[in-house]
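Below are the chains, spelled out letter by letter.
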Amino acid sequence: MAMLISVRICILHVLFLSYLSCHGIGRGVVALGINYGQVGNNLPPPEKVLALLSSLQVTKARIYDTNPNVLSTFANSSVDLVVTVENNMLARLADPQEALRWVGTHITPYLPATRISGIAVGNEVLTDPDQSLACNLVPAMRSIHGALVQLGLDSYIHVSTPNSLAVLAESYPPSAGVFKAEVYGVMSQFLEFLSTTRSPFWINAYPYYAYKDDPANVSLDYVLFNPNPGTVDPYTNLKYDNMLYAQVDAVIFAIARMGYGGIEVRVSETGWPSKGDADELGATIENAEIYNKNLMSRQLGNQGTPLRSNQRLDVFVFALFNEDMKPGPTSERNYGLFQPDGTMAYNVGISGSSSAATSSITSLATKVITRTEEFWSLIYWMFVFLLSSNFN
């Protein structure tokens with residue numbers, strides 16, 4: 001009898017784990033990260049930023065350097081950090097010895113207390129006007145990865161680089177995705193590196209720009225994740241109800257065309273400006289609120305793209321704060337979810353105050369409660385079956 005009960009308990013345990021896996025409970029519920037830029041003269045200190053992220057339940061952030069104050073402050077926190085090698089460092093770090101020194105100075109002193117999970121080598125290097133940067137990109141990545149291997153850290157820290165969507169020559173329909181001829185040489189080396197090291201391809205994708213540049217032909221609802229008829233890729237028959245997912249799948253197809261179909265694509269930046277110049281159509285508080293709120297809702301549902309519907313899409317929102325010292329048009333200084341004083345730039349259902357942090361996950365809680373009710377219904381009937389079987 002004891003053996004029979006043990007077997008039944010084991011079966012129930014397997015069913016329990018299977019149910020959690022199928023329904024997304026127990027996996028990372030939220031794939032959302034946030035970009036913590038620091039190009040401002042009025043931003044809060046790192047300790048206040050950490051408190052804000054903690055109150056928001058955000059556990060992933062990306063910074064655009066290896067700021068020692070940030071790395072030290074984030075020690076013993078629950079936030080995973082992706083750090084960045086500045087573009088002007090690529091030539092130097094192509095040298096393996098320099099890369100080893102760099103890792104020893106900027107990474108290892110903060111481990112394991114600070115959770116560094118990735119190193120972004122440069123930012124949008126392949127589309128930078130300085131073409132010399134591209135020549136040093138993959139050598140620098142190889143050197144940094146080699147340093148991580150030498151120090152036994154390569155299993156914990158991935159190495160990649162964020163790319164602009166401008167690396168694509170075609171993106172519509174998604175199945176036509178292909179890289180520009182001028183980036184083919186370096187892209188081939190880059191993809192080989194990612195495949196060998198099992199690292200993700202990072203893409204900075206902004207549907208806002210597509211709408212701003214062609215509002216007559218680009219549906220605002222489509223780019224904002226609002227209900228809309230969507231589009232169907234005529235070659236795959238996959239339906240897209242938003243532009244971000246279409247852009248990501250276009251990148252996946254472009255990668256596959258170069259013979260690397262198994263590389264994961266993650267969104268290193270996406271967002272919507274809440275303010276812009278007169279010629280920056282669509283840059284409004286209302287649109288920014290809708291875009292980010294709808295994006296977060298989909299992230300809470302662990303959604304994947306139509307092409308990879310079973311793989312959660314990793315997304316980092318740009319940005320945490322409005323940054324008043326960023327150059328360029330007005331929109332560049334108004335991508336933040338928050339003002340520098342910690343108040344919301346607009347309401348996307350989250351707040352920096354601890355009392356409101358609970359309400360920020362109300363939508364998620366509703367989803368989980370529904371699934372939990374289904375789960376306990378299943379468990380109830382399983383126990384009825386098991387108990388009744390014991391008396392037979």
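Right above here is the structure, for reference.
Residues numbered from 1 in each chain as written. Predicted model: local features only at pLDDT ≥ 70, side-chain atom pairs only at ≥ 80, totals over all residues. Heavy atoms only, no water.

(A) A look at the pattern of salt bridges. By the definition in use, this model includes 11 salt bridges. For D213, the salt bridge identified is with K212, shortest N-O distance 3.1 Å. The class for D213 is exposed, based on a relative accessible area of 58%. Look at K212 and you get partly exposed, because its relative accessible area is 23%. Here K326 makes a salt bridge to E332, at a shortest N to O gap of 3.6 Å. (Salt bridge = Lys/Arg side-chain N within 4 Å of Asp/Glu carboxyl O. Buried < 20%, exposed > 50% of the residue type's maximum accessible area, 1.4 Å probe, protein only.)

(B) Spotlight on unusual backbone geometry. The step from Y172 to P173 runs through a cis peptide bond, and the omega angle for that step is -10°. Within the secondary structure, P173 sits in the loop between strand 7 (168-170) and strand 8 (178-179). Cis geometry is adopted by the peptide bond preceding A319, which originates at F318 and carries an omega value of 10°. Residue position: A319 is located in the loop between strand 13 (315-317) and helix 12 (354-357). Positive phi, close to 55°, is recorded for R198, a residue that is not glycine. Along the polypeptide, R198 turns up in the loop between helix 7 (184-197) and strand 9 (201-204). Phi is positive for N302, which is not a glycine, with a value near 55°. Note on N302: relative accessible area 12%, which makes it buried. (Helix = DSSP H or I, 4+ residues; strand = E, 2+ residues; numbered from the N terminus.)

(C) Layout of the packing of helix 6 (residues 132-150) against helix 7. Between helix 6 and helix 7, the least distance of the axes is 9 Å, while the angle of their chain directions is 15°. Considering their axes alone, helix 6 and helix 7 lie roughly parallel with respect to each other. The interaxial crossing formed by helix 6 with helix 7 has left-handed handedness. On the side of helix 6, the interface is formed by A134, V138, M141, R142 and H145, while helix 7 contributes V186, Q189, F190, E192, F193, L194 and T197. (Axes fitted to C-alpha atoms, helices over the stretch in contact; angles between N-to-C directions. Parallel < 35°, antiparallel > 145°, perpendicular 65-115°, else oblique. Left-handed = near helix turned anticlockwise from the far one by under 90°. Contact = heavy atoms within 4.5 Å.)

(D) View of helix 2 (residues 46-55). Residues of helix 2 that are buried: P46, V49, L50, L52, L53 and S55. Once helix 2 finishes, Q57 follows within two positions and takes phi at roughly 65°, a positive value.

(E) Here's a closer look at empty space enclosed by the protein. Taken as a whole and judged by the stated rule, the model has 3 cavities of 30 Å³ or more. As a volume, the largest cavity reaches approximately 60 Å³. Around the largest cavity, the lining residues are V248, I252, V265, G304, T305, R308, Q311, R312, L313 and D314. (1 Å grid on protein atoms, 1.4 Å probe; cavity = no way out; pocket = protein on both sides within 12 Å on 5 of 7 lines; lining within 4 Å. Points joined across faces, edges and corners; volume = space filled by probe spheres on them.)

(F) Up close: the sheet that holds strand 1 (residues 32-35). The 9 strands are arranged 5-4-3-2-1-13-12-9-6 in an open sheet whose pairing can be described as parallel. Edge positions in the sheet fall to strand 5 (158-160) and strand 6 (162-164), since each of these pairs with one other strand and no more. For this sheet, the mean angle separating the axes of adjacent strands, direction not counted, is 25°. Here strand 2 (residues 60-62) runs beside strand 3 (residues 80-85); their pairing, made up of 3 bridges, is parallel. Bridge pairing in strand 3 places A61 opposite L81. Taken strand by strand, helix 6 contacts strand 3, strand 4 (115-121) and strand 5, and its axis lies near 155° from that of strand 4. (Pairing = 2+ DSSP bridges.)

(G) Inspection of the packing of aromatic side chains at higher detail. A full pass over the atoms with the stated rule returns 15 aromatic pairs. With centroids separated by 6.5 Å and ring planes inclined at 70°, the aromatic side chains of Y36 and F321 adopt a geometry described as edge-to-face. With Y36 in the loop between strand 1 and helix 2 and F321 in the loop between strand 13 and helix 12, this pair connects stretches of sequence that are 285 residues apart. Here Y36 and F321 have matching classes, each one buried. With centroids separated by 5.5 Å and ring planes inclined at 55°, the aromatic side chains of F190 and F201 adopt a geometry described as tilted. Residue F190 is found in helix 7, and its partner F201 is found in strand 9; the two are separated by 11 residues along the sequence. The same class applies to F190 and to F201, which are both buried. An aromatic cluster is defined as three or more aromatic residues linked by ring pairs; in this entry it consists of Y64, Y206, Y208, Y209, F225, Y245, W272, Y291, F318 and Y335. (Phe/Tyr/Trp six-rings, centres within 6.5 Å; stacked < 30°, edge-to-face > 60°.)

(H) Summary view of helix 10 (residues 243-257). The first and last C-alpha atoms of helix 10 sit 21 Å apart over 15 residues, in line with the 21 Å expected at 1.5 Å per residue. The element helix 10 is extensively covered by neighbouring structure, given that 13 of its 15 residues are classed as buried. At the N-terminal end of helix 10, a side-chain oxygen is found 3.2 Å from the backbone nitrogen of L244, two or three residues along, and the residue is N242. Two residues or fewer after helix 10 comes G259, characterised by a positive phi angle close to 90°. (Expected span 1.5 Å × (residues − 1). Polar contact = N/O pair within 3.5 Å; in protein donor to acceptor, adjacent residues only side chain to side chain.)

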